[in-house]
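If you want the building blocks of each chain, they are given just below.
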Amino acid sequence: MKQSFAALRLLLLLAAVLVGALSLASSESEAAKCSTFCGTQGPIPCEYPCRRPE
Amino acid sequence: MRTARALSLLFLAALFLYAGLDKAFHYGGFVKALAGYVVVPAGLERHLALPVILTELLVGVGLLVRAWRSAAALVAAVLLSAFIVALAVNRQFAPGAECGCWFTVTLGKATGTHIFQNLILLGLAVTVWLEERRTAQVPLAPSLERSSS
């Protein structure tokens, strides 16, 4: 019982690390974030989340 | 087994501390992201942001302190459940809204990955809470066990 509990915990931990890594790998760059939320192009410095154009 | 327990605790504590600090350093962005959540009534985001950040930081610290661990794990589970519901509702009614989860490292938009990630973390928090509860229970003395049976 104790061992299966520990195994479940280890499995959850590994899954969390894996999904976290996947999430990191598919993260948007600052430029992409600006492009998505502000409609700006190129790697310009911007504060995320940026304001959408009025 | 002890290693798995220690790793889980450290992982969860580091995650909550990082999430809290990340939101604190991007406070304006977090308030704006909260405003995009369907479950957050309009105007409440400004009052909700600080409690959420402080709770995350307290959970992170609490998981590292033995006396607070059980309560911290329970609060972590409640917090993660609330995040899951909020993200799921947004996915249904406001797809493509900002997540406000990891400003410095990961996705800007709320996706199914975030829900899946939170479900796993919820499972981890629940196992920590269950184990803490189990270890906190004082076993009955053998004489008491005999008399109660």
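Note that the structure is predicted; figures quoted are calculated from it, not measured.

1. Some words on the overall build of chain B
A count of helical and extended segments in chain B gives six helices and zero strands. Starting at the N terminus, the α and β elements of chain B follow one another as α-α-α-α-α-α. A buried classification covers 36% of the 149 residues belonging to chain B. Taking contacts inside chain B between residues at least 6 apart in sequence as the whole, the part at least 24 apart equals 67%.

2. Thoughts on the overall build of chain A
Helix and strand counts for chain A stand at two helices and zero strands. Here chain A, with 54 residues, has 17% of them falling under the buried criterion.

3. What to know about the nonpolar core
Formed by 35 residues in total, the largest nonpolar core has its most connected members in B:L12, B:F16, B:L63, B:A76, B:L124 and B:A125. Listed by contribution, the elements that provide at least two residues to this core are α1 (2-25) of chain A together with α1 (2-25), α2 (27-35), α3 (45-64), α4 (69-93) and α5 (112-136) of chain B. Among the elements that take part in this core, α4(B) stands out by supplying 10 residues, more than any other. Ignoring any residue separated from it by four or fewer positions in sequence, one finds B:L63 in contact with B:L9, B:L12, B:A13, B:F16, B:R69, B:A72 and B:A73.

4. Regarding the environment of B:V85
Mapped onto the elements, B:V85 comes out in helix α4. C-alpha separation for the pair B:V85 and B:V39, spaced 46 residues apart in sequence, amounts to 8.6 Å.

5. Here's the deal with the environment of B:L122
All names here are of chain B. Note that L122 resides in helix α5. Taking C-alpha positions, L122 is 16 Å from L17, a pair spaced 105 residues apart along the chain. Once residues within four sequence positions are removed from consideration, L122 is found in contact with A77, L80, S81 and I84.

6. Brief notes about the packing of α1(A) against α5(B)
The interhelical angle for the contact between α1(A) and α5(B), taken along N-to-C directions, is 155°, at an axis separation of 9 Å. The pairing of α1(A) with α5(B) is recorded here as roughly antiparallel in orientation. Crossing of α1(A) against α5(B): the hand is left-handed. Judged by residue contacts, A:F5, A:L8, A:R9, A:L12, A:L13, A:A15, A:A16, A:V19, A:G20, A:L22 and A:S23 of α1(A) engage B:T113, B:F116, B:Q117, B:I120, B:L121, B:G123, B:L124 and B:T127 from α5(B). Its residues assigned to classes, the contact of α1(A) with α5(B) comprises 12 nonpolar, six polar and one charged.

7. What about the confidence of the model for chain B?
If pLDDT is low for a region, its predicted coordinates should not be looked at in detail. Residues and elements named next belong to chain B. Model confidence for chain B is summarised by a mean pLDDT of 85, while 87% of its residues fall at 70 or above. The spread of mean pLDDT over the elements of chain B runs between helix α6 (residues 142-148), the lowest at 51, and α3, the highest at 95. Of the two predicted TM-score estimates for the complex, the pTM is 0.79 and the ipTM is 0.73.

Cut-off values and rules
- Residues numbered from 1 in each chain as written.
- Chains lettered and ligands numbered in written order.
- Predicted model: local features only at pLDDT ≥ 70, side-chain atom pairs only at ≥ 80, totals over all residues.
- Helix = DSSP H or I, 4+ residues; strand = E, 2+ residues; numbered from the N terminus.
- Buried ≥ 20, exposed ≤ 12 C-beta atoms within 10 Å, placed from the backbone.
- Contact = placed C-beta atoms within 7 Å.
- Core = buried A, V, L, I, M, F, W, Y, C linked by C-beta atoms within 7 Å.
- Axes fitted to C-alpha atoms, helices over the stretch in contact; angles between N-to-C directions.
- Parallel < 35°, antiparallel > 145°, perpendicular 65-115°, else oblique.
- Left-handed = near helix turned anticlockwise from the far one by under 90°.
- Nonpolar A, V, L, I, M, F, W, Y, C, P; charged D, E, K, R; others polar.
- pLDDT = per-residue confidence, 0-100.

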